[in-house]
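Results of the structural survey
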Amino acid sequence: MFYTDVKARAPLAEYDQILVWLTVLLLGGGLVMVYSASIAIAEGSRATGHQPMHYLVRHGIFIAVGIVLAAIAFQIPMRLWQQSALSLFLFGLALLALVLIPGVGREVNGSQRWLSLYVVNLQPSEFMKLFVVIYAADYTVRKAAYMHSLRRGFLPMFAVMLLTGGLLLGEPDFGAFAVITVIAMGILFLGGMNWRLFAGLILMLLTGFLLLVWFSPYRMQRVIGFMDPWADPYGKGYQLSHALIAFGRGEWFGVGLGASVEKLFYLPEAHTDFLLAVIAEELGFAGVAMIVLLFAWIVIRAFAIGRRAAVLERHFAALVAHGIGLWIGVQAIINMGVNMGVLPTKGLTLPLLSFGGSAIAATCCAVAVLLRVDWENRQLMRGLTV
C-alpha cells in the first residue's frame, strides 16, 4: 500500500537527481577553486614549466577520468560488488604493501604513499577506503549471527584492521587510517555489533591512537603545533597559522574570487589539503557555510538511500550506502577541522574539491556505487508497485 501511494503521488525517478547535482556542484566548485589556489604556485614553479593553468588542466583531466570510472562503477550490480568484496580488499592490501617496497613506492614530502604510473601517481589508500566499505559491509552481512560474539564477530575484523593499519602507518598515512577505521567501526555498529564490544573497540582504538602520537616525535610535534600555532608561527605552527589568517581575512563574504593573499607562497598545500582556507579567504563565511551544507546534504542523501535499502531488506546495499556516507562525511569533517585549527594537521584532502587524481577518482566511484544502490532500490520499488 505504501509503494502504491508513493506511485500515485509522483512517478519514481530513475536515480537520485539531488545527489548527482550535489556532486556536480562540488566538482565544478573544486575546479574553480583549485585553479584560483594554484595559479601562483604553478606560474612560479619550474616543475610546471611556469604554466599558470598546469593544475587546472590536470584537475580537469582527473575529474574526466573520475566520471568515466564512475560510469563504469555504476554499471556493476551490487551483487557483483558483494561477490568481489574479499578480492577487492586483498587487492587493496597488495597495493598498500607494494607502496612500501623500496624503489617501487614513490616518496613525496617524507611520505611513501604513491605508485608511479609514469603519467600520474596512484595513491592506493584512496581506493582502499572504497574497498573497506565493500568488505566491511559484506563481512557484517555474512557474520550477522555472530555480531554479539567477541571471538567470531569482533576479533576477525579487528585483526584485519590491524593489518591494514600497519601498512598505512608504514607509509605513514595516519589520516587515511583514521578514516578507514571510522568506516569499519561505523558499518559494524550499524550492522548490529554488541554495544559492549563496540565500546571496548572505541576504548582500544583511542588508546592506540594516543600511543601512536606519544611514541612518534613528528606526530607529537603536530599536536603541539596544533594546540598553539602562534608559539612557533615560522616552524611547527606555520601551516595552521597561515590557514587561520586566511579565515580571518575572509570575514563574512571574502576578499573576492582570485584575491587571496595566503595562496601566494604563504600557505603550503593551498590547492590540496588547505583548499578550504583559500575558499574561506576568497568567499568568506558564506562560502565555507555553503561547502558545509553541500557535504551535509550528501551525507543525508547517503543515509536516506541506505535506510530505504534496509527497508527493502537489501542489507549489504544499505551498509555500503551508510559506509560511503560515513567516509565522505568524516573525511570532510577532518579536513575542515584541520583547516580551522580544531584538529591536528593531517594529509587528507577535501572530497570532490581538492586537487588529487586518486582521491577524485575514488570518491567519484563511491558516489557511483551509492547511485547504483539508489537505482536498484527504485527498480525494486517500481516492481512492487506493479
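Everything below is about the structure printed above this text.
Residues numbered from 1 in each chain as written. Predicted model: local features only at pLDDT ≥ 70, side-chain atom pairs only at ≥ 80, totals over all residues. Heavy atoms only, no water.

1. Some remarks on the pairing of strand 2 (residues 111-116)
Along strand 2, 5 of the 6 residues are buried, which leaves the element largely enclosed by surrounding structure. One ladder, built from 4 bridges, connects strand 1 (residues 105-108) with strand 2; its direction is antiparallel. The residue bridging Glu107 from the neighbouring strand is Gln112, located in strand 2. Summarising the sheet, strand 2 and strand 3 (residues 121-122) pair through 2 bridges and their orientation is antiparallel. By the bridge assignment for strand 3, Leu115 is matched with Leu122. With antiparallel pairing between neighbouring strands as the criterion, strand 2 and strand 3 make up a hairpin whose turn holds 4 residues, including Tyr118 at a positive phi of roughly 70°. (Buried < 20%, exposed > 50% of the residue type's maximum accessible area, 1.4 Å probe, protein only. Helix = DSSP H or I, 4+ residues; strand = E, 2+ residues; numbered from the N terminus. Pairing = 2+ DSSP bridges.)

2. Section: helix 7 (residues 150-170)
Along its 21 residues, helix 7 runs 28 Å from first to last C-alpha, staying within 8% of the 30 Å computed at 1.5 Å per residue. All of the buried residues in helix 7 are Gly153, Phe154, Met157, Phe158, Val160, Met161, Thr164, Gly165, Leu167 and Leu168. (Expected span 1.5 Å × (residues − 1).)

3. Some details on the side chain of Thr363
Structurally, Thr363 can be placed in helix 14 (residues 357-385). Thr363 gets classed as buried once you look at its relative accessible area, which sits at 4%. Filtering out sequence-adjacent residues up to four positions away, Thr363 remains in contact with Trp327, Ile328, Pro351 and Leu352. (Contact = heavy atoms within 4.5 Å.)

4. Let's talk about the environment of Gln379
Its place among the elements puts Gln379 in helix 14. The partly exposed category is assigned to Gln379, whose relative accessible area is 26%. Here the alpha-carbon distance between Gln379 and Phe285, two residues 94 residues apart in the chain, equals 41 Å.

5. A word on the pattern of salt bridges
Scanning the model with the defined rule gives 11 salt bridges in all. Two residues, Asp138 and Arg142, come together in a salt bridge whose shortest N-O distance is 2.9 Å. Note that Asp138 and Arg142 are positioned in helix 6 (residues 124-142) at a spacing of 4 residues, about one turn of the helix. Here Asp138 falls in the buried class, since its relative accessible area comes to 8%. Its salt-bridge partner being Arg372, residue Glu376 comes within 2.8 Å of it at the nearest N-O pair. Remark: Arg372 and Glu376 occur in helix 14; sequence separation between them is 4 residues, near one turn of the helix. With a relative accessible area of 10%, Arg372 lands in the buried category. (Salt bridge = Lys/Arg side-chain N within 4 Å of Asp/Glu carboxyl O.)

6. Concerning a nonpolar patch on the surface
Taken together, the side chains of Met53, Val57, Ile61, Val65, Val68, Leu69 and Ile72 present a nonpolar region at the surface, about 580 Å² in accessible area. Along the chain, the position of Val68 falls in helix 3 (residues 54-74). Look at Val68 and you get partly exposed, because its relative accessible area is 49%. (Patch = residues over 30% accessible without salt bridge, like charges linked within 9 Å, V, L, I, M, F, W, Y side chains within 5 Å. Areas by Shrake-Rupley, 256 points an atom, 1.4 Å probe, with all protein chains shown as cover.)

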